[in-house]
Amino acid sequence: MMAGGPGVLEVAMLADLALGGALRRELGPGLPMPTISMTIQLMPGSSAEVRAATGDASAHVDRTAVSRSRLISGTGEVLGDALGVFAFPALPYDGPHQPMPWDDDAATVRGSSAEEAHGPAVLDSEAESVAAAVCGHAAGAPEQAWGSTLLEQSAEKTETGLVYRPTAPVANRMGNVQGGVLFAIAVQAAATAADFSACELVSGTIDFISAAGTDEELKAEVRVRRSGRRVLFATVDLSQGERLCATVTAVFRR
């Protein structure tokens, strides 16, 4: 899946998961903890070099929590930072728990592969189709990872931005479009509108207003605030029908 190196989608997903994971380690695993807002700052053109993210819980009060993350290259160089604001339930929490597999220390200890940690995989027809697409991607000469490539292929340019048709792989555990995917859709729409590259993003903030389902197309409407030879400022509204799902502000620099 990562052949070609991560794009903005993979970096945004990594940041979102690292930010949430840092809070779950402090507040408890399995908490329903939706992201309210996330900001990513990144050196332009460095998304393909990101290999890891650290996460630290900053503060939590009155059912709101803040965490921060650093995006790191394979050689340990800091390439960017992320900040997240999350909602969490009243504590102590005794509702249904659904721990994230990557936050399960026991799974990590049991083995390094998915089969060792969770048993042998059983693929349905849809999963087999995805696996075949991933293998086909890796067999070519990809410029970026499979997820970012899929995003570009699934988006259609319009007069005001992009229309994106969600597919099963972009769903989170609640069945909605994952937050990092929403961020990446908006970044791609803004970049396309002004003939920039998504990897030239230097700063982006997404505010999550309502969940985006996977059964309806997403419309990304772009407003270019300023576009020059080296810099682009844009805002993007992501909506499904008449419902606003998220707003994004993005800055690009060549």
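Residues numbered from 1 in each chain as written. Predicted model: local features only at pLDDT ≥ 70, side-chain atom pairs only at ≥ 80, totals over all residues. Heavy atoms only, no water.

## Focus on the overall build of the chain
Condition: Every helix listed is a DSSP run of H or I at least four residues long, and every strand listed is a run of E at least two residues long, numbered separately from the N terminus. Throughout, radius of gyration means the C-alpha value; the globule benchmark is 2.2 Å times the number of residues raised to the power 0.38. Relative accessibility thresholds used throughout: buried, under 20% of the residue-type maximum; exposed, over 50%; partly exposed, between the two (1.4 Å probe, protein chains only). Here a residue-residue contact requires only that any non-hydrogen atoms of the pair lie within 4.5 Å. What sets the accessible areas is the Shrake-Rupley method with a 1.4 Å probe; for residues, cover comes only from the shown protein chains.
Summing up its helical and strand segments, the chain has six helices and ten strands in all. Taken over the C-alpha trace, the chain has a radius of gyration of 18 Å; the compact-globule value for 254 residues is 18 Å, and the two agree within 12%. A principal-axis box enclosing the C-alpha atoms of the chain has dimensions of 50 × 45 × 40 Å. For the chain, the proportion of its 254 residues judged to be buried stands at 43%. If you take every contact in the chain between residues at least 6 apart in sequence, the share linking residues at least 24 apart comes to 64%. For the chain, the computed accessible surface area is about 13000 Å², with 53% contributed by carbon and sulfur atoms.

## Side note on the sheet that holds strand E6 (residues 161-164)
Put simply, the test is: A pair of strands is treated as paired once DSSP finds two or more bridges between them. All axes are obtained by fitting lines to C-alpha atoms, using only the stretch in contact for helices, and the reported angles, taken between N-to-C directions, cover 0 to 180 degrees.
Overall, antiparallel pairing links the ten strands, which are arranged E2-E3-E4-E1-E7-E10-E9-E8-E6-E5 in an open sheet. Two strands close off the open sheet at either side, each with one partner strand: strand E2 (50-61) and strand E5 (155-157). This sheet shows a mean twist of 15° between the axes of neighbouring strands, independent of strand direction. Relative to strand E7 (residues 201-208), strand E1 (residues 35-42) is paired through five bridges, and the arrangement is antiparallel. Of the residues in E7, the one forming a bridge with Thr39 is Thr205. Set on the sheet, helix H1 (residues 8-27) makes contact with E1, E2, strand E3 (64-73) and strand E4 (78-87); between it and E2 the angle comes to about 40°. In the packing of helix H5 (residues 146-154) onto the sheet, the strands contacted are E5 and E6, and the crossing angle to E5 comes to about 45°.

## A word on H5
Most of H5 is tucked away, with seven of its nine residues classed as buried. Residues of H5 that are buried: Trp146, Gly147, Ser148, Thr149, Leu150, Leu151 and Ser154. The inward-facing, buried residues of H5 contact H1, helix H4 (125-139), E5, E6 and helix H6 (179-193).

## Section: the packing of H1 against H5
The following threshold applies: What sets the label is the angle itself: under 35 degrees gives roughly parallel, over 145 gives roughly antiparallel, 65 to 115 gives roughly perpendicular, and the rest give oblique. Note on residue categories: nonpolar means Ala, Val, Leu, Ile, Met, Phe, Trp, Tyr, Cys or Pro, charged means Asp, Glu, Lys or Arg, and polar means any other residue, Gly included.
Where H1 contacts H5, the axes come no closer than 7 Å and their chain directions differ by 120°. One element, H1, and the other, H5, form an angle in the oblique class. Contact with H1, carried on its side by Val8, Leu9 and Glu10, involves Trp146, Gly147, Ser148 and Leu151 of H5 and no other residues of that element. Partitioned by chemical class, the residues of the contact of H1 with H5 number four nonpolar, two polar and one charged.

## Details of the pairing of strand E9 (residues 231-240)
It is a general feature of regular strands that their side chains alternate between the two faces of the sheet. Among the ten residues that make up E9, eight are buried, leaving the element largely enclosed by the rest of the structure. Between strand E8 (residues 218-227) and E9, which pair antiparallel one after the other, the connecting turn spans three residues. Counting the residues in the hairpin turn of E9 and strand E10 (residues 243-253) gives two residues, including Gly241, whose phi is positive at 65°.

## Description of the nonpolar core
Going by this rule: Only buried residues count toward a nonpolar core. Its members are Ala, Val, Leu, Ile, Met, Phe, Trp, Tyr and Cys residues joined through side-chain atoms within 4.5 Å.
In terms of nonpolar packing, the biggest core is built from 55 residues, with Phe183, Leu218, Leu238 and Phe252 touching the most fellow members. When residues no more than four places from it in sequence are discounted, the contact partners of Leu238 are Leu182, Ile185, Ala186, Leu218, Lys219, Ala220, Arg243, Leu244, Cys245 and Ala246.

## Things to note about the pairing of E4
With seven bridges connecting them, E1 and E4 associate as antiparallel partners. Within E4, the residue paired with Thr35 across the bridge is Phe86. Of the pairings in the sheet, the one linking E3 to E4 comprises nine bridges and is antiparallel in character. Within the sheet, the bridge partner assigned to Arg70 lies in E4 and is Asp81. From the end of E3 to the start of E4, which pair antiparallel, there are four residues, and Gly76 there has a positive phi angle of about 90°.

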